[in-house]
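Understanding the architecture of this molecule
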Amino acid sequence: MAQLDKLIEKIQRNEEIVLEPGKAPMLKTKTGSTLMFNQQVSAQQLVGLLQEIAPESSKAAVALQKPARFEYTAGAKTVVVVYAPDGEQSVVRIALAGGPLSAADAGAAAAAEPGLPGEPEINILLRKMFRMNASDLHLTSGHKPMVRLHGDMKEFAEEGAVNPERMAVLLGAIIPAHNAAQFEEIHDTDFAHEIAGLARFRVNVFRDRYGMGAVFRQIPMEIVTVEKLGLSKEVLDLCFLSKGLVLVTGPTGSGKSTTLCALVDYVNRQRRDHIITIEDPIEFVHQKKNCLINQREVHVHTRSFSQALRAALREDPDIVLVGEMRDLETISIAIETAETGHLVFGTLHTTTAASTVDRIIDQFPADRQGQIRAMLSTSLKGVIAQTLCKKIGGGRVAAMETLFVTSAISNLIREGKIYQIPSIMQTGKKQGMVMLNDALFKLVCDKQVEPEEAYIKAIDKPAFVAMLKTKGITVKLGELDA
């Protein structure tokens, strides 16, 4: 039992524990502050108390006295812990998740500083983005910075337009040498940037008609678990396969990386195996739990996805994650890897489970498609096709279509009757299969998503409208009702 657990047991909704060096712990409430017990805490003790409860991803930041934010569960209570170090003026704030340190200001203590000495200027904008709980920061030459907040674009009104010269300085301070050379050659590049103890960011730097620009996607320091995502037992069962291909698909920004990360974390907790991930760039950082995890970044640790995947077969893996199955060679090796006794997780930019199978087969020349269908019918084990919807009240939630390859589905793939897969999925609900329309319909019925938002995300819109009408729900799009 951690020493802070005794304090956390006393905390209630809308209350906050405040710890400062040289002072006794205080409980801050709406009516004021009360002493929790009469014993001062030194700066060294404060770090020790935090390290006792901090996850591996935050322990280094705490030890180096850098800003950190993480969640911690003590008994039945999950709290948000924010550490803002500043010598003897350091402060630790602890509140129930969803309370005073909720998403709207969760990083305030860790991110409120205008910038730490010696850090890149871009971090100031990224800290502001973090405080807003935005998913992306967009920089375009000649324009004000913008963020994507709960799916909508929002301008930083208080910031001025970023001219091309300042843009070059902002991005030049963080772009690795390899990526700078790649940008000069092809005018776009991808890499990861991290603010220790706060968050990691996936960065794309590009050139358009205005000049240099960039997009920063926030990758939380804390891994979202399968429990928090609410993944079904049937999906979790895929993590216990000894071999096969499992695909997580969806358009850009649909949360594929988050779902894949949660699955890898679940494997890391439940199995004792060797996991190799091949990513571009590395997004979520996994710490060793029960598995050994080697994370390789394309263009940094290896030349390409296909080269790393070939090499992985000589590195004694049990599970391989392929961040993106971009080309025929990578797809081909991934299928072969799955067939030779390994569990392979991968991603594709497809919107439905059936179109995923079609996309894979269509990548190959006509004279190889029969062979690939036969290989895919035995190696493919499951497809999770997801899309993100705006939640009522803020935030976003994933609608997931799930396909599990039964003997009936396997026969359809082998015979090239992919168009019949949706009808088998409709009758396969007992096996845990879910159609996208059904997933969207449930979100609407559970009052998580507005009917109009679900309608926009639906692929088979007439069928979705018919489903809504069975519950007396209409979709209002402009002046027309569907």
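A few points on the structure. The model shown is predicted, which means the values in this text are computed figures rather than measured ones.

Turning our eyes to something else, we now look at the pairing of strand β13 (residues 244–249). Of all 6 residues in β13, 6 are buried; the element is thus mostly enclosed. Along β13, one buried face is formed by Gly244, Val246 and Val248 and the opposite face, lined by Leu245, Leu247 and Thr249, is buried too. When β13 meets strand β17 (residues 343–348), the two strands line up parallel, connected through 6 bridges. Considered in β17, the bridge of Leu247 is made with Gly346. The pairing of β13 with strand β18 (residues 380–390) spans 5 bridges and is parallel. By the bridge assignment for β18, Val248 is matched with Ile384.

Our focus in this paragraph is unusual backbone geometry. Here Asp280 and Pro281 are connected by a cis peptide whose omega angle stands at -5°. If you check the backbone angles, Asn14 has positive phi at about 65° while not being a glycine. Examined against the element boundaries, Asn14 turns out to sit in the loop between α1 (5–8) and β1 (16–19). On the basis of relative accessibility, which here comes to 41%, the residue Asn14 falls in the partly exposed class.

One pass over the full model with this rule turns up 22 salt bridges. Measuring nitrogen to oxygen at the nearest pair gives 2.6 Å for the salt bridge that ties Asp152 to Lys390. Separated by 238 residues along the polypeptide, Asp152 in strand β9 (residues 152–155) and Lys390 in strand β18 bring together distant segments of the chain. The class of Asp152 is partly exposed, set by a relative accessible area of 41%. For Glu194, the salt bridge identified is with Arg200, shortest N-O distance 3.2 Å. Residue classification places Glu194 among the partly exposed positions, given a relative accessible area of 38%.

Turning to its location among the elements, Asn437 is positioned in helix α17 (residues 436–445). You can call Asn437 buried: its relative accessible area is 11%. At 3.1 Å, the side chain of Asn437 and the backbone oxygen of Asp460 are in polar contact. Beyond its immediate stretch of four places on either side in the chain, Asn437 contacts Ala458, Ile459, Asp460, Ala463, Phe464 and Met467.

Turning next to the environment of Arg93. Mapped onto the elements of the fold, Arg93 is located in strand β6 (residues 91–96). Here Arg93 falls in the buried class, since its relative accessible area comes to 17%. The spatial distance from the C-alpha of Arg93 to the C-alpha of Gln12 is 14 Å, given a sequence separation of 81 residues. At 3.1 Å, the side chain of Arg93 and the side chain of Glu16 are in polar contact.

Attention now goes to the packing of helix α11 (residues 305–312) against helix α12 (residues 328–339). Packed helix pairs are characterised by how far apart their axes lie and by the angle those axes make with each other. Axis separation between α11 and α12 bottoms out at 9 Å; the angle between their running directions is 20°. By the angle class used here, α11 and α12 are roughly parallel. As for how α11 packs across α12, the hand of that crossing is left-handed. Only Glu329, Thr330, Ile333, Ala334 and Thr337 of α12 make contact with α11, whose side of the interface consists of Phe305, Ser306, Leu309 and Arg310. Of the residues contributing to the contact of α11 with α12, the split by class is 4 nonpolar, 3 polar and 2 charged.

Moving on to the sheet that holds strand β14 (residues 274–279). Strand order in this open sheet of 7 strands is β15-β14-β16-β17-β13-β18-β19, and the pairing throughout is mixed. Each of the sheet's edge strands pairs with one partner strand only, and the pair in question is β15 (292–297) and β19 (396–404). Neighbour to neighbour, the strand axes of the sheet diverge by 15° on average, direction disregarded. Pairing of β14 with β15, which is carried by 6 bridges, proceeds in the parallel orientation. Paired with Glu279 across the bridge in β15 is Glu297.

So, on to the sheet that holds β6. The 6 strands are arranged β3-β2-β1-β6-β5-β4 in an open sheet whose pairing can be described as antiparallel. The open sheet terminates on both sides in strands that have one partner only, identified here as β3 (32–35) and β4 (68–74). Ignoring strand direction, the axes of neighbouring strands in this sheet form an average angle of 25°. Looking at chain direction, strand β5 (residues 77–84) and β6 are connected through 6 bridges and run antiparallel.

Relative to the elements of secondary structure, Thr302 occurs in the loop between β15 and α11. On the basis of relative accessibility, which here comes to 8%, the residue Thr302 falls in the buried class. In this structure, Thr302 is in contact with Arg296, Glu297, Gln307 and Ala308, ignoring residues within four places of it in sequence.

Scanning the model with the defined rule gives 1 aromatic pair in all. Their ring planes at 85° and their centres at 5.8 Å tell us that Phe240 and Tyr266 sit as a pair that is edge-to-face. Residue Phe240 is found in the loop between α9 (233–237) and β13, and its partner Tyr266 is found in helix α10 (residues 256–270); the two are separated by 26 residues along the sequence. The aromatic ring of Tyr455 is capped on one face by Lys461, whose charged end is 5.1 Å from the ring centroid.

About the cut-offs
Just so you know, the residues in each chain are numbered from 1, in the order the chain's sequence is written. Two thresholds apply to this predicted model, a pLDDT of at least 70 for residue-level local features and 80 or more for giving and counting side-chain atom pairs, whereas whole-chain, interface and lining totals are computed over all residues. Based on all heavy atoms of the structure, the side-chain values leave hydrogens and waters out of the count. Think of it in three bands: residues with accessible area under 20% of the maximum for their type are buried, residues over 50% are exposed, and the middle band is partly exposed, with areas taken using a 1.4 Å probe on protein chains only. Each helix is a run of DSSP H or I of at least 4 residues and each strand a run of E of at least 2, with the numbering of both proceeding from the N terminus. Pairs of strands are assigned from DSSP output, requiring at least two bridges between the strands. Salt bridge, as used here, is a side-chain nitrogen of Lys or Arg placed within 4 Å of a carboxyl oxygen of Asp or Glu. Distance and chemistry together define a polar contact, namely a pair of N or O atoms within 3.5 Å, with one atom able to donate a hydrogen and the other to accept it when in protein, and with adjacent residues in sequence counting only for side-chain atoms on both sides. What makes two residues a contact is simply this: any of their non-hydrogen atoms within 4.5 Å. A fitted line through C-alpha atoms represents every axis, and for helices the fit uses only the stretch in contact; the resulting angles, taken between N-to-C directions, go from 0 to 180 degrees. In these notes the angle categories are as follows: under 35 degrees is roughly parallel, over 145 is roughly antiparallel, 65 to 115 is roughly perpendicular, and the rest is oblique. Two helices that cross are described as forming a left-handed crossing if the nearer one is turned anticlockwise from the farther one by less than a right angle, and a right-handed crossing if clockwise. Polarity classes work like this: nonpolar for Ala, Val, Leu, Ile, Met, Phe, Trp, Tyr, Cys and Pro, charged for Asp, Glu, Lys and Arg, and polar for all others, with Gly in that last group. Between rings of Phe, Tyr and Trp, where Trp is taken as its six-membered ring, a pair exists when centres lie within 6.5 Å; planes separated by under 30 degrees are stacked, by over 60 edge-to-face, and by other angles tilted. Our definition puts a charge over a ring when NZ of Lys or CZ of Arg is within 6 Å of the ring centre and also within 35 degrees of the ring normal.

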